[in-house]
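Structural characterization, general
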Amino acid sequence: MEQYIIRGGKPLRGIVDICGAKNAALALIAASILTTEPVIISNLPDVSDINLLLDAIAQIGAVVERIDRHTVKIIGATVNSCTLNYEYISKIRASYYLLGSLLGRFHKAEVAMPGGCVIGARPIDQHIKGFEALGATVDLEDGQVKAKADELVGNHIYFDVVTVGATINVMLAAVLAEGSTIIENPAKEPHVVDLANMLNSMGAHVRGAGTDVIRIRGVKSLHATEYTVIPDQIEAGTFLFAGAATGGDVTVNNVIPKHLESITAKLEDLGCFIEEYDEAVRVVAGTRLQSTQVKTLPYPGFPTDMQPQMTVALTLAEGISTVTESIFENRFKYAGELARMGARIKIESNTAIITGVEKLKGAQVSAPDLRAGAALTIAGLAAEGCTQVGGIEFIQRGYEDFDVKLRSLGGDIRKIDPQNQNEIEKFKQKCS
Ligand code: EPZ
């Protein structure tokens, strides 16, 4: 497996273009098979999670035609199976969105139960509650979630927790149901709104996405569309924090600044200067980052997907900071890796207590998951000396050309084969 090798200590400077949002695109791909007509999705990020979901829909018969690196044409008319192989779901949790879309269109879906993962147990009880409210029976057999319905009928659904996945899955199932569905306490993330907009462009009737109540009036069928994925606010936030942590000056381009407000507000708390443009946001780091308190919350709160990047910045901030994780119970796994770089972090229950240090020191670390991997890379770019980041296949699940983009901002980062000791030694000599 490849790794990143980084010579840290250089402030990142420049402009970086942000891709389409991975987590929106996953929902849009699932939505595309709700119709028999062609759907063209553009601004898709070229990352492994997206490519795996495209493989998964091809595996059940959809035609998936690449138009260019970021555009795909999907024809769902040829879908001939409602059963998804374990191989796919085990690689990518979001293939459970095919439960919603297959149930919606064919009234039948069998998808392997997604396992827990490194960041938490991630139950799917609210997805099941939603499907059952629409009239489906849902059984768990041999590790498969089996959902079926004679007919799907709209209903009033109240989610017990705010969940992005269940909100999206129930929307996918309800758009073709008989009558009206009301979802209360839905997730309000930009990708929920993006899915509603795409479904509406296909002839669905979804109102209120992004608010406390989503109302869906079922329609008989959906039709062709051409749709562009919204920009990825987490990728954008990651580059802004890379700018802040390295003491740099970074502008993220092709973004919706409104989606970044909880992130930019925290960067200001850290003592950074923020400038907003129509489709870009710039961060300029202050002389030394300042400590702060942060708690992850559903949108519009501070995103859990930015928690590790925030923690890395705070390891370098003056004073004592706290980061409280309220969404996933196991999202501080990377703290031990950061400690190996000289960070002073104590985890108490779901809170990290961080005493800022002047400098991090390069070390060999391993990414436990996608966002933590990005955060450890940022730590390496900010640290003195040489850092090797293993587990970069996690990073490649959600960041397109991460190392290339960081290099374009002046970061000294290379992808290497860990077996190639010559190359590693040569790079390390530069660090000393
Ligand atoms: C989505 O996961 C994202 N994934 C995650 O991004 C993100 O961290 C998360 O939302 C929160 O914003 C995708 O969009 C593909 P949830 P999801 O359902 O939908 C509990 C990344 O790095 N819950 O909003 O799985 C759950 O345990 C990934 O890109 C239930 O209790 O998250 C959690 O505590 C990681 N029962 C909370 O709700 C359920 O049935 C929120 O989870 C469902 C969820």
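Keep in mind it's a predicted model, so treat the numbers as computed, not measured.

Conventions adopted
- Residues numbered from 1 in each chain as written.
- Predicted model: local features only at pLDDT ≥ 70, side-chain atom pairs only at ≥ 80, totals over all residues.
- Heavy atoms only, no water.
- Salt bridge = Lys/Arg side-chain N within 4 Å of Asp/Glu carboxyl O.
- Helix = DSSP H or I, 4+ residues; strand = E, 2+ residues; numbered from the N terminus.
- Near = heavy atom within 4 Å.
- Polar contact = N/O pair within 3.5 Å; in protein donor to acceptor, adjacent residues only side chain to side chain.
- Areas by Shrake-Rupley, 256 points an atom, 1.4 Å probe, with all protein chains shown as cover.
- Pairing = 2+ DSSP bridges.
- Axes fitted to C-alpha atoms, helices over the stretch in contact; angles between N-to-C directions.
- Contact = heavy atoms within 4.5 Å.

**Some points on the pattern of salt bridges**
If you walk through the whole model with that rule in mind, you get 20 salt bridges. For Lys-220, the salt bridge identified is with Glu-178, shortest N-O distance 4.0 Å. Highlighted residues: Lys-220 in the loop between strand E13 (213-217) and strand E14 (225-228) and Glu-178 in the loop between helix H6 (164-174) and strand E11 (180-184), separated in sequence by 42 residues. Put simply, Arg-282 and Asp-249 hold a salt bridge, and the shortest N to O gap is 2.7 Å. Of this pair, Arg-282 sits in strand E17 (residues 280-284) while Asp-249 sits in strand E15 (residues 249-253), and the two are 33 residues apart along the sequence. Connected through salt bridges with shared partners, the residues Asp-46, Arg-69, Glu-400 and Asp-401 form a single ionic network.

**Thoughts on the site of the ligand**
Residues in close proximity to the ligand total 24 residues, the closest being Gln-126, Val-164, Asp-305, Ile-327 and Arg-371. In the environment of the ligand, an oxygen atom lies 2.8 Å from a nitrogen or oxygen atom belonging to the side chain of Thr-163. Contacts to the ligand include Gly-165, whose backbone N or O atom sits 2.8 Å from an oxygen atom. Protein coverage of the free-state accessible area of the ligand, which is 830 Å², stands at 86%.

**Some points on the sheet that holds strand E3 (residues 38-42)**
Sheet architecture is open: four strands sit in the order E4-E5-E3-E14, paired in mixed fashion. Both edges of this open sheet fall to strand E4 (63-68) and E14, since each of them pairs with a single strand only. Adjacent strand axes in the sheet meet at a mean angle of 20° when their direction is disregarded. Here four bridges tie E3 to E14, and the two strands are oriented parallel to one another. Its bridge partner being in E14, Val-39 is matched across the sheet by Thr-225. Strand contacts of helix H1 (residues 22-32): E3, strand E5 (71-75) and E14, with the helix running at about 170° to E3, the strand carrying the most contacts.

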